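Listed below are the residues making up each chain.
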Amino acid sequence: MVGGQAQRRRAVARLIERPCAQGHVSGGGINGIATMRDLAMQGIDVMLIERGDFVSGASAASSHMIHGGIRYLENGEFRLVHESVTERNSLLQIAPHYVKPLQTTVPIFTTFSGVLSAPLRFLRHGAGKPRERGAVLIKVGLVIYDSFSRGGGRVPRHEFFGRRRSLEKLPKLNPGIRYTATYYDASMHDPERLALDVLHDGLEAGRSPGAIGPGGAEMGAGALARAANYVEAIGVDAGGVRVRDAVTGEEAVLRASVIVNASGPWTDLTNEALGRDTHFMGGTKGSHIVLDHPELLAATGGREIFFEHSDGRIVLIYPLNGRVLVGTTDLEHDMHEPTVCTEEEVDYFFGLVRHVFPTIDVDRTHIVYRFAGVRPLPGHGDLAPGFVSRDYRIERADLQTTGTTQVLSLVGGKWTTFRALAEHLSDEVLGVLRARRVMSTKGVAIGGGAGYPRTEKALRRWLATNSTGVGRERAARLLARYGTRATEVIAAVRADENDRPIRDAPAYSTAELRHLAATEHVVHLDDLLRRRTSLVFTGDARPEVVHEIAVAIADVLGWDADDIAREEAAVDAMLDRQGRYRDEESLATRA
C-alpha cells in the first residue's frame, strides 16, 4: 500500500503526538461518539478510538427508527418510554435533515387477545407463551403512549379504524384484519450520516479557540477532541491502554484519567483487553433485509407496517430510500461468532410479508441487501429476549495496574436516547474529573440540522443562495442528503473542474465522493459505499459502479492499482455475503 495510507494517518498521528487526555472513549458507535461530543462541548480533553469504521457495528444495524418504545410499556419501563418520547421529539427539531415523522400502522386480527396474558407476562417478567395483541390491549397502550407526548409533542395522536376503512387506505392488507391502529413515531433514513454529523460536531467543539485543558493550560486549535477509526485497544501497558492501528500496525500507549467503554455488544471483550473479566452483556441478534419491490413499496402507502408476530417478535415492513426494509429478529448470539442474516431468517421474513400482504409475491431476487447486528443488551439469563430491558446503566471499576484511572462501562443503550445517554455518561466523567458542566446538549442542532429550511419559503431561499454552479435540482438533492452541510459539498463540486456523474449511479458525482473520502475518515472503499453513501443499501453498488468510484477516490486516499483491486475484492466479498442474490438470469426471468 502506498501514498497516504502507508504513512501514519493524520487522525492516528494526533493521538500519538499527544497520547494523554482527561477522557478516553473506546467505541465509535452512536453512544461513544455522542459522549465524545458532549465532553468536548464541556471543554474536556477527550480522545475516541474505534476498532473498525465509525458506526459500523450495532449502530449500523438498526431498524432506522427513532421511537418512543411503545412495547416497553408492557415491561413497565415508563422512565425509558418517557425519555425516549422526549428525545424523539427533540431529534425531530435538532436533526430534521435525517429524523422525520413516521406514520406507523398496526394491523390487528383480534379484539381481546392478550388482555389477560399481558399483565401476567409483566408480572412474570416475560415468562409464558407470547400471544398476539388484540385491539383492546393495543388501544390502551396507545392512549398511554400518547400521554407521554403531551408536553411539547411533535407528532399527531393515534387513530383506530375498522376493517372497511383500513382496507380502503391499504387495500393490499390481509383481508382477515379486524382493525388497524395508526400512530406516529419517527424515521431515521440515514443513521450512519447522522452519527457522522455528531462526530463532526464533537471534533469542531474541540477546536474552539481559547479552550482550557488539564490544569488550566491553554490548548492549541484542534487539541481538545480527536478521534480515530481502525484503532483497537489490545492491552494494558505502562499505566495506560495499548492500542494498535489496524491499517499500519503501529502501536502506542494512550493514557487518560477516565476511560469510557462504549463498545456496545463488545463491552465485555474490551474489558477483557483492559485486564478485567466481566459478564455484563447478553446481546441479541437482529437481522433485516432490503427489498427492491415496487409493488410492496406501493402497498405500504408510504407508512411503516408494525406488529408483533405470534412468536412474540416485533415485525416491521418499512418504505425507505425507494426500497422496503423488512425486519427484525431477536436471537441469542455469541459475540465470538460472525453476525450475519441467515437463510432461515430470510425465509422467516418472507412469511411475515405474506401474512400481512398475502397477494404480493416476494422471493430472493428482490433482495438487494441483508444486514445483521447485535443489540447491546445486558445479560438476562432465562428472561425472554423481548422482555430484556432496553434501558442502560453504567458500571465502574479501576483500570488494572494503575489504581487511579476509572473505567466506566456502558451497558445497554439505544439509538433514540443517544443524546440523553451521552449527557448522563458525561456527567459521570465530569464527576470523576471534578469538572463542571458548561452547557447542555439539549436543543443544540446536530450537523446539517443547523439552519435547515423548514418551510417552502425557507427552502426556496436556501436553494436560491446555493444553486449556483450545481443547479437547483442537484442542490435540493444534496440538501436532502447532507442537510445544510451540503454547502461544503457544493463548494467542493464547484472547485473541481473534472467533476462528473458516476455513470451508472448518476445521483452521485466524482467530486462529491472525493470530498467525502478526503474529509470523513474514509479508510476503505466499503466505508464510503456503506456508511458515507446509501449505494449498498439501495442495491446500486454494482461492479461497474464500485470500480468507477474506487478509481475516482484513489488519489485522495493514496491508492495504487493493487490497492484498488484489493478494495474492490473486499467489497465484492461483502456483497456476496450480504447483498447479492440478484443476477442477470434471475432479473431476466422476473422481467
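Please refer to the structure higher up on the page.
What you are looking at is a predicted structure, and each value in this text was computed from that prediction instead of being measured.

Draft legend 1. Representation of unusual backbone geometry. T328 follows G327 through a cis peptide bond whose omega is -5°. At Y230, a position not held by glycine, the phi torsion is positive, near 55°. Take Y230: it is sitting in the loop between β7 (225–229) and β8 (231–237). The backbone of R434 sits at a positive phi, close to 55°, despite the residue not being glycine. With respect to the secondary-structure elements, R434 resides in the loop between α11 (418–433) and α12 (456–466). Residue R434 is classed as exposed on the basis of its relative accessible area, which comes to 80%.

Draft legend 2. How the structure looks around the environment of Y184. Among the secondary structure elements, Y184 is positioned in strand β6 (residues 179–188). With 79 residues separating them in the primary sequence, Y184 and T105 have C-alpha atoms 8.6 Å apart. Those residues in contact with Y184 that lie beyond four places of it in its chain are R88, L102, Q103, V155 and P156.

Draft legend 3. Spotlight on the pattern of salt bridges. This structure, assessed with the given rule, holds 44 salt bridges. The salt bridge involving R207 is made with E204; its shortest N-O contact spans 2.8 Å. One salt bridge connects R364 with E343, and the closest N-O pair in it is separated by 2.9 Å. Note that R364 is positioned in the loop between α10 (343–356) and β16 (367–374) and E343 in helix α10, a separation of 21 residues in sequence. Take R364: its relative accessible area is 24%, and that puts it in the partly exposed class. Accessibility expressed as a relative area gives 34% for E343, which makes it partly exposed.

Draft legend 4. How the structure looks around the packing of aromatic side chains. In total, this model carries six aromatic pairs according to the counting rule given. Their ring planes at 65° and their centres at 6.4 Å tell us that Y369 and F537 sit as a pair that is edge-to-face. With Y369 in strand β16 and F537 in the loop between α16 (525–532) and α17 (543–557), the pair connects residues that are 168 residues apart, well separated along the chain. One aromatic cluster in this structure is built from Y369, F371 and F537. One residue, K169, lies across the ring of F161, its end atom 5.0 Å from the ring centre. Against the face of Y508 rests R481, its NZ or CZ located 3.8 Å from the ring centre.

Draft legend 5. The arrangement of a nonpolar patch on the surface in detail. Taken together, F78, V136, V140 and I144 make up a surface patch of nonpolar side chains, about 300 Å² in accessible area. Looking at the nonpolar patch, the element that brings in the most residues is helix α5 (residues 135–147), giving three residues.

Draft legend 6. Local environment of the pairing of strand β18 (residues 406–412). Most of β18 is tucked away: seven of the seven residues are buried. Two strands pair when backbone bridges link them, and strand β10 (residues 251–261) and β18 are joined in this way by four bridges, in the parallel orientation. Bridge assignment links V258 to a residue of β18, and that residue is Q406. Across seven bridges, strand β17 (residues 392–398) lies against β18 in antiparallel orientation. For Y392, the partnering residue across the bridge sits in β18 and is G412.

Parameters and conventions
- Residues numbered from 1 in each chain as written.
- Predicted model: local features only at pLDDT ≥ 70, side-chain atom pairs only at ≥ 80, totals over all residues.
- Heavy atoms only, no water.
- Helix = DSSP H or I, 4+ residues; strand = E, 2+ residues; numbered from the N terminus.
- Buried < 20%, exposed > 50% of the residue type's maximum accessible area, 1.4 Å probe, protein only.
- Contact = heavy atoms within 4.5 Å.
- Salt bridge = Lys/Arg side-chain N within 4 Å of Asp/Glu carboxyl O.
- Phe/Tyr/Trp six-rings, centres within 6.5 Å; stacked < 30°, edge-to-face > 60°.
- Lys NZ or Arg CZ within 6 Å of the ring centre and 35° of its normal.
- Patch = residues over 30% accessible without salt bridge, like charges linked within 9 Å, V, L, I, M, F, W, Y side chains within 5 Å.
- Areas by Shrake-Rupley, 256 points an atom, 1.4 Å probe, with all protein chains shown as cover.
- Pairing = 2+ DSSP bridges.

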